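Understanding the architecture of this molecule
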Amino acid sequence: MDREYEAIVRRRNRNRRPPPNEIDRIVNETFHIWFSSHVQNMGNDISKELRWLAKGPNIVAKQFDSYSINGFKFRTKGCEEFLKSQNSGVVVTAKTTSYASVRDQNPVAGDVTYYGRTKNIVELDYYGVFKVLLFKCDWVDTTIGTGLKKDAFGFTLVNFKCLVHTGEHIRHEPFILASQAKLVYYVEDLRDSDWCVVVHVKPRDLFDMGNVDSQNEKETYSENEPYHSQSVESIFKDNGESSSLE
């Protein structure tokens with residue numbers, strides 16, 4: 001549906017011909033409004049899940065300090081303060097459109113790997129129809145030499161003093177689906193304390209069983225964890241964010 005809405009945005013702005021990066025910004029900031037209205041006008045020709053997704057989640061969400069999924073146990077950064085182990089590191093690979101400048105007419109789409117630390121684990125409840133688990137993270141700037149670099153031995157290093165998607169603007173995306181996350185941990189570079197070496201972690205209790213069907217490959221492991229409840233609005237407007245779930 002995002003492509004459909006992008007075409008609508010282009011038609012609405014055809015007189016002034018905005019560059020691709022502005023089209024992307026408009027789509028990111030207003031898609032949720034169009035999506036909710038569009039689904040309501042589609043009648044009964046849509047799935048129950050899509051209809052409830054457009055309606056938005058329950059105003060009360062669950063928050064977890066830790067959660068096990070995808071064969072990993074994740075913890076929020078805040079609850080690791082007095083622990084020796086580290087389970088807040090997260091890595092995700094996402095489709096991203098890159099622009100050389102604000103006037104770039106030929107953006108390049110490709111996979112970008114993001115490294116971060118989990119700040120919050122949130123479960124949204126769509127009125128019992130389905131639930132969505134999200135990780136809110138601090139994400140390192142992926143610009144080479146700014147927040148990300150490779151050393152002479154090929155190791156990846158990150159700098160958490162250089163962050164992106166920090167939440168000041170609605171187009172920022174500090175949240176990911178928990179099903180996308182893989183666990184990493186960070187080891188401080190002894191020569192420069194601003195930088196940390198990324199160490200990837202193997203999933204727990206997952207084994208190479210040869211060829212398996214695609215359905216089994218997609219299965220994830222999860223377990224119940226203690227939680228507390230908080231209003232969705234307060235979670236998504238933390239630190240001045242203006243994200244909308246509708």
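Up top is the structure.
Residues numbered from 1 in each chain as written. Predicted model: local features only at pLDDT ≥ 70, side-chain atom pairs only at ≥ 80, totals over all residues. Heavy atoms only, no water.

**A closer look at the overall build of the protein**
Broken down by element type, the protein carries 5 helices and 13 strands. Of the contacts formed within the protein by residues at least 6 apart in sequence, a portion of 62% connects residues at least 24 apart. For the protein, the accessible area works out to roughly 15500 Å², and carbon and sulfur atoms hold 49% of it. (Helix = DSSP H or I, 4+ residues; strand = E, 2+ residues; numbered from the N terminus. Contact = heavy atoms within 4.5 Å. Areas by Shrake-Rupley, 256 points an atom, 1.4 Å probe, with all protein chains shown as cover.)

**Quick notes on the packing of helix α1 (residues 2-12) against helix α2 (residues 20-40)**
Contact geometry for α1 and α2: axes closest at 9 Å, N-to-C directions at 115°. By the angle between their directions, the pair α1 and α2 is classed as roughly perpendicular. Handedness of the α1/α2 crossing: right-handed. Where α1 abuts α2, its residues Asp2, Glu4, Tyr5, Glu6, Ile8, Val9 and Arg10 lie against Ile23, Ile26, Val27, Thr30, Phe31, Trp34 and His38. Grouping the amino acids of the contact of α1 with α2 by side-chain chemistry returns 8 nonpolar, 2 polar and 4 charged. (Axes fitted to C-alpha atoms, helices over the stretch in contact; angles between N-to-C directions. Parallel < 35°, antiparallel > 145°, perpendicular 65-115°, else oblique. Left-handed = near helix turned anticlockwise from the far one by under 90°. Nonpolar A, V, L, I, M, F, W, Y, C, P; charged D, E, K, R; others polar.)

**What about the pairing of strand β2 (residues 66-69)?**
Burial of β2 is two-sided: the residues Ser66 and Ser68 facing one way and the residues Tyr67 and Ile69 facing the other way are all buried. What sits between the antiparallel neighbours β2 and strand β3 (residues 72-75) is a turn of 2 residues, in which asparagine 70 has the positive phi angle 60°. (Buried < 20%, exposed > 50% of the residue type's maximum accessible area, 1.4 Å probe, protein only. Pairing = 2+ DSSP bridges.)

**A closer look at the packing of aromatic side chains**
The final tally for this structure, using the stated rule, is 11 aromatic pairs. Here the aromatic rings of phenylalanine 31 and phenylalanine 35 are separated by 5.6 Å at their centres, their planes lie at 20°, and the arrangement is stacked. One end of the pair is phenylalanine 31 and the other is phenylalanine 35, both in helix α2 and 4 residues apart, which spans about a single turn. Ring geometry for phenylalanine 64 and tyrosine 67: centres 5.0 Å apart, planes at 80°, overall edge-to-face. Of the residues examined, tyrosine 67 reaches a relative accessible area of 10% and is grouped as buried. Within the aromatic cluster, the residues linked to one another by ring pairs are Tyr5, Phe31, Trp34 and Phe35. Its guanidinium or amino end placed over the ring of tyrosine 127, lysine 55 lies 5.9 Å from that ring's centre, counting from NZ or CZ. Cation over ring: lysine 149 sits above tryptophan 195, and NZ or CZ is 4.3 Å from the ring centre. (Phe/Tyr/Trp six-rings, centres within 6.5 Å; stacked < 30°, edge-to-face > 60°. Lys NZ or Arg CZ within 6 Å of the ring centre and 35° of its normal.)

**Re unusual backbone geometry**
Leaving glycine aside, a negative phi is the common case for residues, and trans is the common case for peptide bonds. Positive phi is not limited to glycine here, since tyrosine 127 has a value of about 55°. With respect to the element layout, tyrosine 127 can be found in the loop between β5 (108-125) and β6 (131-140). On the basis of relative accessible area, tyrosine 127 is assigned to the partly exposed category, the value being 40%. With a phi close to 55°, histidine 165 is a non-glycine residue in the positive phi region. Note on histidine 165: relative accessible area 24%, which makes it partly exposed.

**Focus on the pairing of strand β1 (residues 60-64)**
Direction of pairing for β1 relative to strand β13 (residues 227-231): antiparallel, over a ladder of 5 bridges. Across the sheet, the residue bridging to valine 60 is serine 231, located in β13.

**So, the packing of α2 against helix α3 (residues 48-55)**
For the pair α2 and α3, the least separation of the axes is 8 Å and the interaxial angle reads 135°. One finds that α2 runs oblique with respect to α3. Note that α2 runs across α3; the crossing there is left-handed. Contacts between α2 and α3 involve Phe35, Ser36 and Val39 from the former and Leu50, Arg51, Leu53 and Ala54 from the latter. Each residue belonging to the contact of α2 with α3 can be placed in one class, and the counts come to 5 nonpolar, 1 polar and 1 charged.

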